[in-house]
Amino acid sequence: MAQWTSAVGAAQLARLLNSQQERPAGPGARRPPAYRALADGVRLLVLEGRVPVAARLPAERELALSLSVSRTTVAAAYEALRAEGFLESRRGAGSWTAVPAGNPLPARGLEPLPPEALGSMIDLGCAALPAPEPWLTRAVQGALEELPPYAHTHGDYPAGLPALRETLAERYTARGIPTMPEQIMVTTGAMGAIDAICHLFSGRGERIAVESPSYANILQLMREAGARLVPVAMAEGLAGWDMDRWRQVLRDAAPRLAYVVADFHNPTGALADEDQRRRLVDAARSAGTVLVVDETMSELHLDEGLALPRPVCGFDPAGSTVVTVGSASKAFWAGMRIGWVRAAPDVIRSLVAARAYADLGTPVLEQLAVNWLLSTGGWEQAVDVRRDQARENRDALVAALRRELPSWEFDVPSGGLTLWVRTGGLSGSRLAEVGERVGVRVPSGPRFGVDGAFEGYVRLPFTVGGAVADEAAARLAAAARLVEKGASGGTEPPRTFVA
């Protein structure tokens, strides 16, 4: 019986390998043999999760033709991968990817680092801050006080608790977007909201237009749902959307859905202006595309005096084009798995009806906690603290990077939780791999792209500050030196840090 569960074609593997841009070798540096470079490329694809574990690789002759190398080179690369535990083979069944014993399976998204590993590893993989206290404790206590009447019911509220739906509707209305509770569905986080939207609007094989780069976990969610992702390049720096490209993609590809982050985009931090929002809604309406707008970062504006544009749904008064997703996870705490959808009432009814075959509903206690925060002023106080913390962390990280890695390039966003960094020609995948060895965990650029894009980038969140930010930058610099020395076999011992 074959041990592989999927297959990677020769042309597809060649395209993924070619996306791994190498930094030009410096004077005196030795390039690895061709077979070694090929083996390292495949190993990185497996570690990144871009080639699944247990995926059948193409035959040696097929891959050699696609890469324009000799069959001997491919055979030697496969043999090296087998020796390292990244490839298994059987006569008549072919060769398939694997991971060596003791190695964790590659993450398909950006899962949090286990708490027990935090003592030795600086985690820059997850853009989430610790819970703001005492507001979390107060919210849970307030929820417990309000729980008894709900405990006498069945506890299933597929659309969400009526009280929380009303509170969320009032908040949209206060922002200048008249909203009824019937336009709100409470979900289990923003991921639960977008998963429900994708299943309602987009069947397997349907096109979904996405920003390029975009949020890695959402991209993977859409891939798992069988969507055909259509990337739309962002404008340079913090300029936001490239409207000419958006109009062309919406016109030519006619995607069923489009997913965007207008407010402090993840990962770039860009803030779309009002003209861009208006024009994108108009273009989506003309194309018949449903625009899914992720507002999870919208309250994390960090610079004083920043003028915020109207919400995207404010440019869709009929409610026929824009579906908005919000969440408590970024602005308050990732452990508070409460999200919501704002859409036309008929869309909400369809989402609620479909939920009977998914998760039935969202935990009542957490909904009561969020409602307590939103209705008592605790939310505003906690988010103010969150902004101060993120601003201090951002400024500390920026200063440390400019000191330790002056060749790395980035634009400092005015809000959000992430910095999108060009790594001076180094491979983001190799930096992520080597970073684990020197004690810093960082997601590489290709996680945020489609088909191997953004190899020369990493995403750094505003989750550490002070001395930890300094140490994180120092470890990244150590990883960068190791990557640069990789061709000549340079080594550097791991660093130890005590917070």
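Residues numbered from 1 in each chain as written. Predicted model: local features only at pLDDT ≥ 70, side-chain atom pairs only at ≥ 80, totals over all residues. Heavy atoms only, no water.

Overview of the packing of helix H7 (residues 162–174) against helix H13 (residues 364–376)
Let me state the cut-off plainly: Where helices are involved, their axes are fitted lines through C-alpha atoms of the stretch in contact, as for all axes, and angles between N-to-C directions lie from 0 to 180°. Helix and strand assignments come from DSSP, with helices taken as H or I runs of at least 4 residues and strands as E runs of at least 2, each series counted from the N terminus. By definition, any crossing whose near helix is turned counterclockwise from its far helix by less than a right angle is left-handed, and any crossing with a clockwise turn is right-handed. Whether two residues are in contact is decided by their heavy atoms: any pair within 4.5 Å suffices. Amino acids are sorted into nonpolar (Ala, Val, Leu, Ile, Met, Phe, Trp, Tyr, Cys and Pro), charged (Asp, Glu, Lys and Arg) and polar (every other residue, Gly among them).
Remark: H7 packs on H13, axes separated minimally by 9 Å, with the N-to-C direction vectors making an angle of 35°. Seen along the crossing, H7 lies across H13 with a hand that is left-handed. Facing H7, whose interface residues are Ala-163, Leu-164, Thr-167, Leu-168 and Arg-171, H13 presents Gln-367, Val-370, Asn-371 and Leu-374. Looking at the contact of H7 with H13, its residues break down into five nonpolar, three polar and one charged.

Some points on the pairing of strand E4 (residues 94–97)
Inclusion rule: Two strands are said to pair when DSSP picks up at least two bridges between them.
Examined bridge by bridge, strand E3 (residues 87–90) and E4 share four bridges and lie antiparallel to one another. Its bridge partner lying in E4, Glu-88 is registered against Trp-96. Between the end of E3 and the start of E4, which pair antiparallel, lie three residues, with Gly-92 showing a positive phi angle near 90°.

Considerations on the packing of aromatic side chains
Cut-off, in case you're wondering: Stacked, tilted and edge-to-face are the three classes applied to pairs of Phe, Tyr and Trp rings, where Trp contributes its six-membered ring and a pair requires centres within 6.5 Å; stacked means planes under 30 degrees apart, edge-to-face means over 60, and tilted covers the rest. Note on exposure labels: buried denotes an accessible area under 20% of the residue type's maximum, exposed denotes more than 50%, and partly exposed covers the range between, all computed with a 1.4 Å probe on protein chains only.
Taken as a whole, this structure holds six aromatic pairs when the rule is applied. Aromatic pair Phe-332 and Trp-379: ring centres 6.0 Å apart, planes at 20°, arrangement stacked. Separated by 47 residues along the polypeptide, Phe-332 in the loop between strand E11 (322–327) and strand E12 (339–342) and Trp-379 in helix H14 (residues 378–404) bring together distant segments of the chain. With respect to class, Phe-332 is no different from Trp-379; both count as buried.

Here's the deal with the sheet that holds strand E10 (residues 290–294)
Strand order in the open sheet made by the seven strands is E6-E12-E11-E10-E9-E7-E8, with mixed pairing throughout. The sheet is open, and its two borders are formed by strand E6 (184–187) and strand E8 (228–233), each paired with just one other strand. For this sheet, the mean angle separating the axes of adjacent strands, direction not counted, is 20°. Against the sheet, helix H8 (residues 189–201) makes contact with E6, strand E7 (207–212), strand E9 (257–260), E10, E11 and E12, and its axis sits at roughly 155° relative to E11, the strand it touches most.

Quick look at the packing of H8 against helix H12 (residues 345–355)
Keep this limit in mind: Orientation labels follow simple angle bins: below 35 degrees gives roughly parallel, above 145 gives roughly antiparallel, 65 to 115 gives roughly perpendicular, and whatever is left gives oblique.
Two elements in contact, H8 and H12, have axes separated by 10 Å at closest approach and are oriented at 100°. With respect to H12, the axis of H8 lies roughly perpendicular. Counting all contacts with H8, which are made through Ala-196, Ile-197, Leu-200 and Phe-201, the residues of H12 involved are Val-347, Ser-350 and Leu-351. For the contact of H8 with H12, the residue count by class is six nonpolar, one polar and no charged.

Notes on the confidence of the model for the protein
Quick reminder of the rule: Every residue gets a pLDDT, meaning the predictor's confidence in that residue, from 0 to 100.
Confidence in the prediction of the protein, expressed as mean pLDDT, is 88, and 90% of residues score 70 or more. Here residues 23–27 is a poorly scored stretch, pLDDT under 50, and it has six contacts once near neighbours within four places are set aside; other chains count. Contacts from residues 487–499, a stretch scored under 50 in pLDDT, to residues over four places away or in other chains number 25 contacts.

Focus: the pattern of salt bridges
Worth spelling out the cut-off: Salt bridge, as applied in this entry: a Lys or Arg side-chain nitrogen positioned within 4 Å of an Asp or Glu carboxyl oxygen.
Under the definition given, this model contains 29 salt bridges. Of the charged contacts in the structure, one is a salt bridge between Glu-304 and Arg-391, with a shortest N-O distance of 3.8 Å. Pair noted here: Glu-304 is in the loop between E10 and E11 and Arg-391 is in helix H14, with a separation of 87 residues, a long-range link. According to the relative accessible area criterion, Glu-304 is exposed, its value standing at 71%. For Arg-391, a relative accessible area of 18% gives the class buried. Notably, a salt bridge pairs Arg-355 with Asp-359, separated by 2.8 Å at the nearest N-O pair. The exposure class assigned to Asp-359 is partly exposed, which follows from its relative accessible area of 37%. Overlapping salt bridges, with partners in common, bring together Arg-36, Asp-40, Arg-43, Glu-84 and Glu-433 in one network.

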